[in-house]
Amino acid sequence: MGALRFLLRRLAFSAALILGVSFILFALINAIGNPIQILLSETPGVSEEMIATLSRYYGLDGNFIDRYGAWLWSIVHFDFGTSIIYNQPVGELLEVYGLETLKLQLPAILLSTLIATAAGVIAAMRQHGWADFSIVSSAMLGHSLPGFLVGIVLILIFSYWLGVLPSYGAYSTRNLMMGSMVIDGLWHMVLPVAMLTVFNTATLTLLMRSSLVDVLRQDYITAAWASGLPARRVVLHHALRNAFIPQLTYLGTLFGLMLGTAPVTETVFTWPGLGALYITAIHQLDYPVIMGVTMVITVMLVVATLLTDIAYVVIDPRIRLG
Amino acid sequence: MDADFASSPVSVLATLQRPPAGVWRQAWHRFRRNRAGMIGLVLVTLVVLTAIIGPFVAPYDPNDNAAMLRGASNAAPSARNWLGTDRNGYDVLSRTIYGAPTALAVGLGAMLIASLIGVLVGGVAGYVGGFTDEALMRGAEFFMVVPVFVVILAVVRLFGIIVVGTPLERIPNFNLMTIILLLGLFSWPQIARMTRAEFLRLRHAEFVEAARCIGTTPREILFRHILPNALPPLIVLVALGIGGAILAEAMVSFLGFGDPKSISWGQILFFNYQSLKVAPWACLAPGTAIFVTVLGFNLLADGLTDAFNPRVRA
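Residues numbered from 1 in each chain as written. Chains lettered and ligands numbered in written order. Predicted model: local features only at pLDDT ≥ 70, side-chain atom pairs only at ≥ 80, totals over all residues. Heavy atoms only, no water.

Draft legend 1. Quick look at a nonpolar patch on the surface. Residue and element names in this part refer to chain B. Nonpolar side chains collect at one region of the surface, where V48, L49, I52, I53, F56 and V57 lie side by side and expose about 610 Å² of accessible area between them. Looking at where L49 falls in the secondary structure, it is placed in helix 4 (residues 35–57). The exposure class assigned to L49 is partly exposed, which follows from its relative accessible area of 44%. (Patch = residues over 30% accessible without salt bridge, like charges linked within 9 Å, V, L, I, M, F, W, Y side chains within 5 Å. Areas by Shrake-Rupley, 256 points an atom, 1.4 Å probe, with all protein chains shown as cover. Salt bridge = Lys/Arg side-chain N within 4 Å of Asp/Glu carboxyl O. Helix = DSSP H or I, 4+ residues; strand = E, 2+ residues; numbered from the N terminus. Buried < 20%, exposed > 50% of the residue type's maximum accessible area, 1.4 Å probe, protein only.)

Right, here's the structure in full:
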């Protein structure tokens, strides 16, 4: 009863949120007037008639409410419209560019969770020792490091000075690394993934350490020590499971943060992902793409939040549904 | 015996009569002992001083690109240009110094807006409760789940087009003000949540009940009794938020959506990123400035957390 109501309420809220974001953005894009007119106003030899025809082609005629309704109707059918700049279905663009974005973010999340867990365990077990001090202080520093600065420094060191890693793009334009698409792609992923990993690991480590320190202070851990269990078993088996809960919920936030700042990551590394697609679309007022990318990112964020909420409840029986 | 006691040089009575050290003084005593917090305070002071006196001591005018005419753009750091010149021939050090006031204006401006909205919404929600509370907090949640950065980018660009041809266009730094306003509009929910939690906690505190008993007006209770006691955790949030807003503006500007007429660290990065290979100093200087500022505010917030709640951390 409680669980179902909780789920329904969350779902209703998520739906309202997605609708709200789409409506606000759609209204704003409309407030600038007809994008076709703005884009072509400086081009010589474009008649009013051509603009009218093009506007009709992209569904830009008619009043605001009708057009929002039409847009919503096609979105429900997974039809994102046609890009004005690329003249391709937006759905296809989202798929191609979205996969490139996930190719960077999923490995980064995985890697940073592993590193942060290890570092957090070491720091929490040697609390106030030199290992703890160095881990915590470097995590504090890393936590304040702007992602793009990390990217710039990585490019400077590994691409320009050492010349070992590529600084831009997802694939080589001429000679593939060792003649293989896969190896070449992985080679290009190293720096962007490293940048995102640095960005995530610092915060996750601080979180891991503080929750582990909290858990290690609890009675059941004292009981575990008292029963003579080896340290490895107490920490890795008994404490870590509970210490993991805050970290898990934070993963959702982190994923959202990474998706949200994908434009920055992808500009630093000239990576052909959703963020880069979005930047071009904003510059060129490609409104179906702007709407499409925003919707994909909002939906992914909402789903991530929903999943972490659910995971929280499933993993931790102490949580009461509200 | 009694006479002896009363005439002792350090009178117990006198000690008792001296008012106890206030919350703020106690917090400062604890803060001083926090290494991270003190480093943060030093860094923030450094940035503030740079913003105030920097423009008077900067070696060049920020819009002086005479170096380009000499053919000395992208010049390496030297005695003439301590941090080198960028691709447009500007002195990197001077432009980085002039970026400090912009950064502080962004951080303080955005958090001022966020605090005003947040305290108002959170206070009303916490004090009134019931349906109002529910509605306001759902609204706050809406702003927390929205992909803020992505929305800000689109809104800044679209707003830039909307104002063309209106009187708003002539306001200096209008674009920067839009960014500040948007950052403020999107960062109030955390403050509202914290204010609400504090108001709920304090609403039935003994000293508030006492004030109510002696007939203090609700307004006085809110502003003189509850709000000051709710301030400490809010100050921590604001310190964190200033760093966050500065970073966000830097990212917006780095992507080319900043205010072309103002000098900000993100803008310098945007203009010089193309020539990273030939003139890395032009990117590293503003990048480091952003890092130092954000780090300063984060450490400051960390120290303040410790100072205000000594029991939270061991």
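Right, picking up where we left off after that structure.
Draft legend 2. Region of interest: the interface of chain B and chain A. If you look at the interface, chain B gives 42 residues, while chain A gives 46 residues. Of the roughly 4,000 Å² buried where chain B meets chain A, counting both sides, 82% is carbon and sulfur surface. For chain B, the biggest contributors to the area lost against chain A are B:V145, B:V150 and B:L158; these three give 14% of the whole. Among the ionic pairs, A:R10 bridges to B:E141, the shortest N-O distance being 2.9 Å. Top element by residues in the side of chain B that touches chain A is helix 13 (residues 281–308) of chain B. It accounts for 11 residues. Tallied by class, the residues present in the side of chain B that touches chain A amount to 31 nonpolar, four polar and seven charged. (Contact = heavy atoms within 4.5 Å. Buried area = accessible area lost by both parts, 1.4 Å probe. Nonpolar A, V, L, I, M, F, W, Y, C, P; charged D, E, K, R; others polar.)

Draft legend 3. A look at the UniProt feature "domain: ABC transmembrane type-1" (unreviewed entry) in chain B. Following the UniProt record, one finds the feature "domain: ABC transmembrane type-1" (unreviewed entry) at residues 100–301 of chain B. Secondary structure content for residues 100–301 of chain B is 81% helix and 0% strand, and the end C-alpha separation is 20 Å. (UniProt positions renumbered as here; feature names shortened; annotations may be inferred.)

Draft legend 4. The environment of A:R241, seen in detail. All names here are of chain A. By secondary structure assignment, the location of R241 is in helix 10 (residues 231–260). Its relative accessible area of 60% is what places R241 among the exposed residues. Residues R241 and A70 lie 171 residues apart in sequence; the distance between their C-alpha atoms is 48 Å.

Draft legend 5. Examining the UniProt feature "transmembrane region" (unreviewed entry) in chain B more closely. Residues and elements named next belong to chain B. Cross-referencing UniProt, the feature "transmembrane region" (unreviewed entry) maps to residues 38–58, 103–130, 142–165, 171–191, 234–258 and 278–301 in the present numbering. Note that residues 103–130 is 96% helix and 0% strand, and that its end C-alpha atoms are spaced 40 Å apart. Secondary structure over residues 171–191 splits into 86% helix and 0% strand, and the C-alpha atoms at its two ends are 30 Å apart.

Draft legend 6. Main features of the pattern of salt bridges. Following the criterion strictly, the structure yields 10 salt bridges over all chains and no others. The residue B:R212 makes a salt bridge to B:E209 at a minimum N-O spacing of 3.5 Å. You can see B:R212 and its partner B:E209 sitting in helix 10 (residues 206–213), three residues apart, about one turn around the helix. One connected set of salt bridges, linked through shared partners, spans A:R9, A:R10, B:E134, B:R138 and B:E141.

Draft legend 7. Examining the UniProt feature "transmembrane region" (unreviewed entry) in chain A more closely. Residues and elements named next belong to chain A. UniProt tags residues 12–32, 104–124, 145–165, 185–207, 248–269 and 289–315 as "transmembrane region" (unreviewed entry). Along residues 104–124 the backbone is 100% helical and 0% strand, and the end-to-end C-alpha distance reaches 30 Å. From the first C-alpha to the last, residues 248–269 spans 28 Å; its make-up is 91% helix and 0% strand.

Draft legend 8. Looking closely at the packing of helix 4 of chain B against helix 6 (residues 92–128) of chain B. Residues and elements named next belong to chain B. Look at helix 4 against helix 6: their axes get within 8 Å of each other, and the N-to-C directions meet at 120°. With respect to each other, helix 4 and helix 6 are oriented oblique. The handedness of the crossing between helix 4 and helix 6 comes out as left-handed. Of the residues in helix 6, those in contact with V47, V48, T50, A51, G54 and P55 of helix 4 are I97, Y98, A100, P101 and L104. (Axes fitted to C-alpha atoms, helices over the stretch in contact; angles between N-to-C directions. Parallel < 35°, antiparallel > 145°, perpendicular 65-115°, else oblique. Left-handed = near helix turned anticlockwise from the far one by under 90°.)

Draft legend 9. Examining the side chain of A:T201 more closely. All names here are of chain A. Relative to the helices and strands, T201 is located in helix 8 (residues 181–216). Since its relative accessible area comes to 12%, T201 is described here as buried. Those residues in contact with T201 that sit more than four places away from it in its chain are S112, I115 and A116.

Draft legend 10. Summary view of the nonpolar core. Core analysis: the biggest nonpolar cluster contains 133 residues, and A:F148 and B:L153 have the highest contact counts within it. Sorting elements by how many residues they give to this core places helix 11 (residues 218–254) of chain B first, with 12 residues. Counting the residues that make up this core, at least three belong to each of domain 1 (2–76) and domain 2 (94–315) of chain A. One finds A:V213, A:V215, A:A224 and A:L240 within the second-largest nonpolar core, a separate group that totals 13 residues. (Core = buried A, V, L, I, M, F, W, Y, C linked by side-chain atoms within 4.5 Å. Domains from an automatic or database assignment.)

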